[in-house]
Amino acid sequence: MSKMAAEGGGGKEMNEIKSQFSTREGAYKLLTHSEYSRPNRVPFNSQGSNPVRVSFVNVNDQSGNGDRICFNVGRELYFYIYKGVRKAADLSKPIDKRIYKGTQPTCHDFNHLTATAESVSLLVGFSAGQVQLIDPIKKETSKLFNEERLIDKSRVTCVKWVPGSESLFLVAHSSGNIYLYNVEHTCGTTAPHYQLLKQGENYAVHTCKSKSTRNPLLKWTVGEGALNEFAFSPDGKFLACVSQDGFLRVFNFDAVELHGTMKSYFGGLLCVCWSPDGKYIVAGGEDDLVTVWSFTECRVIARGHGHKSWVSVVAFDHYTTSVEESDPMEFSGSDEDFQDQIHFGRDRANSTQSRLSKRNSTDSRPASVTYRFGSVGQDTQLCLWDLTEDILFPHLPLSRTRTHTNVMNTGGGTGAAVVIAATTATNSGGNAAGDSLPAPLPRSNSLPHSAAGASNSKSGVTDNPVATGVSKFATLSLHDRKDRHTDKDHKRNHSMGHISSKSSDKLNLLTKTKTDPAKTLGTQLCPRMTDVPLLEPLICKKIAHERLTVLIFLEDCIVTACQEGFICTWARPGKVGLLTSQNQANSPSGTVV
């Protein structure tokens, strides 16, 4: 973190917008000729506007130039041929352009399953609550959903086609509701009446009661406040939702059941994404952190700190995520190991996904694996992160790949013993390895690692009453940790009024409608900063003048966008296109280098 602190001094280096950066793979370079924006290239005055978003689709045309890009800027929506690293962007010829009155586009999504060179299905959500289905190639506006705003009057925050479906799509609103629609059905002329289908911890799912089938097919009410984003797992079976109440909730989509939850360190969660194999979820938000959550263990396994403001987008890089096959792996056949299947609209990443899917989480150690993900934030910075074996498998024997220097590991000892100690003293170091740590707040702690090691003992942490009411962000010094981690009558018990005697009650922190942040801190829902490894970014670069709203990893480039309406293409190492030799001094945009 010292490097980050030095940069934070506000020196000249910090304020300079970067046009290239290097990682172990090589140098990523900004291609100024591949910048997309409004045709006049004038920076958009973004005050009060909805975030700029970008959607891609490949229409598989014969020319080999099948990529299409859609983006919204203010009241406008553009649809272009995307030439990426190959050719300069020609902004004078959008395939389609629309300007809306009285409402603004907020999000959009292509149906990758039905896209052809002659026709694409594009869903667009709006600030007033409507959803439009358009075909920007045929220039048709085919349908408008929630037109009279009888279903929901609040802003659309996220819209996505259901994976594998040509007709079903999901819409989230700032009301906290998600609706399932079918493009073939009407929305009716009256407000829908609902019937409860299923209810659980801070969520309810209703069906629409009507004589004839109408939209919405289902209404999900999730958490408190706005539902900011959702994402389907690579196999389409699970749905991860992040809300303004700070919770990540992961549902089995078809069974309509809650699989697991996680709470932000503080504030709302704004963005979420899945690893290519569906084993990990990364969320970001108003705590300026990226949080890595294990789908199989239902717990936080790491946090990343590099941003200085809210994190607006997180995304995995399917092309840099690497798997080294040490032995021939077989499919485990369990639900947790998603096997080779059609990954809708993600064909290019199949090689990585198929290799990842062959990992068997029940083995003592899978093949060596490194996940790469990125994040962008309101601090105008791009961060890249590596999730390595020492974080993923901290309680397994050391392997040749376990040399990650950014994270200190205090794991070791017998798992069960440490869990017992940890339930009485939440912040205990857990073993003698703590003695050698140079800092009073070690980067990682043995508590969550041991909890997973002791036959995935979730209750040992979740039902820890001592941790539920401790003062906000208090931490013991290292000296205290060493001396007291086996002391059964920890001083925190006294401040709790011996609440530890109620541990048999199995406190369920989510049954109340409003969850007290102080009571989730230190539990499995929201571990303390010292209880999980803290990642440092591989790179953290200021790349724009305005807040960043887009991060998409493509095969030969990374795409970012800022609120001024500039969509930037960063060529991957060795992928710089044909135009690099041309003089780029006449770049029309001085605002994004």
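The structure presented is a predicted model; accordingly, all values stated were derived computationally and were not measured.

Across its full length, the protein chain carries eleven helices and 33 strands. Each of the 593 residues in the protein chain was classed as buried or not, and the buried ones make up 57%. Intrachain contacts of the protein chain at a sequence separation of at least 6 include 62% that bridge at least 24 residues. Of the roughly 23900 Å² that the protein chain leaves accessible, carbon and sulfur atoms contribute 50%.

Take the packing of aromatic side chains next. Enumeration according to the criterion identifies 26 aromatic pairs in this entry. A ring pair is formed by Phe 71 and Tyr 80, whose centres lie 6.0 Å apart and whose planes are at 10°; its orientation type is stacked. According to the relative accessible area criterion, Tyr 80 is buried, its value standing at 1%. Three or more aromatic residues joined by ring pairs make a cluster, and in this case those are Tyr 36, Phe 56, Phe 71, Tyr 78, Tyr 80 and Tyr 82. Sitting over the face of the ring of Phe 230, Lys 160 holds its NZ or CZ atom 5.4 Å from the ring centroid. Here Lys 263 stacks its cationic end above the ring of Phe 247, 6.0 Å away from the centre of that ring.

Time to look at the sheet that holds strand E20 (residues 257-263). Pairing is antiparallel across the open sheet formed by four strands, whose spatial order is E17-E18-E19-E20. Single-partner strands in this sheet number two, and they are strand E17 (227-232) and E20. Between one strand axis and the next, the sheet turns by 20° as a mean value, whatever way the strands run.

Judged by pairing direction, the sheet is mixed, and its five strands sit side by side in the order E21-E22-E23-E24-E29 without closing on themselves. On the outer flanks of this sheet lie strand E21 (269-274) and strand E29 (534-535), each paired with one strand and no other. Pairing of E21 with strand E22 (residues 280-285) involves five bridges; the strand directions are antiparallel. Bridge pairing in E22 places Cys 273 opposite Val 282.

Next up on the list: the pattern of salt bridges. Side-chain pairs of opposite charge can arise whenever the charged atoms involved come near each other. Counted under the stated rule, the structure contains ten salt bridges. Between Asp 96 and Arg 98 there is a salt bridge, with the nearest N and O atoms lying 2.8 Å from each other. This pair shows no difference in class: Asp 96 is buried, exactly as Arg 98 is. Arg 572 serves as the salt-bridge partner of Asp 317, at 2.8 Å between the closest nitrogen and oxygen. Within this pair, whereas Asp 317 is found in the loop between strand E25 (311-316) and strand E26 (322-324), its partner Arg 572 is found in the segment after strand E33 (567-571), the two being separated by 255 residues in sequence. Take Asp 317 and Arg 572: they sit in the same class, and that class is buried. Through salt bridges with shared partners, one network takes in Arg 24, Glu 25, Arg 372 and Asp 386.

Turning our eyes to something else, we now look at the nonpolar core. Membership of the largest hydrophobic core comes to 23 residues, with the highest contact counts inside it found for Val 282, Val 292, Phe 373, Leu 387, Leu 392 and Leu 535. When contributions to this core are tallied by element, the ones reaching two or more residues are E21, E22, strand E23 (289-294), strand E24 (299-305), E25, strand E27 (368-377), strand E28 (381-387) and helix H4 (389-392). Ignoring sequence-local partners within four residues, the contact set of Phe 373 consists of Val 282, Val 290, Val 292, Ala 315, Phe 316, Asp 317, Cys 383, Leu 384, Trp 385, Leu 387 and Leu 535. One finds Phe 44, Tyr 80, Cys 557 and Val 559 within the second-largest nonpolar core, a separate group that totals 22 residues.

Attention now moves to the pairing of E17. For E17, the buried fraction is high: five of the six residues fall into the buried class. Bridge count for E17 against strand E18 (residues 238-243) is five bridges, and the pairing is antiparallel. Looking at the pairing, Glu 229 lines up with Val 242 of E18. If you look at the hairpin formed by E17 and E18, you'll find five residues sitting between the two strands, and Gly 236 has a positive phi there, around 75°.

Parameters at a glance
Residues numbered from 1 in each chain as written. Predicted model: local features only at pLDDT ≥ 70, side-chain atom pairs only at ≥ 80, totals over all residues. Heavy atoms only, no water. Helix = DSSP H or I, 4+ residues; strand = E, 2+ residues; numbered from the N terminus. Buried < 20%, exposed > 50% of the residue type's maximum accessible area, 1.4 Å probe, protein only. Contact = heavy atoms within 4.5 Å. Areas by Shrake-Rupley, 256 points an atom, 1.4 Å probe, with all protein chains shown as cover. Phe/Tyr/Trp six-rings, centres within 6.5 Å; stacked < 30°, edge-to-face > 60°. Lys NZ or Arg CZ within 6 Å of the ring centre and 35° of its normal. Pairing = 2+ DSSP bridges. Axes fitted to C-alpha atoms, helices over the stretch in contact; angles between N-to-C directions. Salt bridge = Lys/Arg side-chain N within 4 Å of Asp/Glu carboxyl O. Core = buried A, V, L, I, M, F, W, Y, C linked by side-chain atoms within 4.5 Å.

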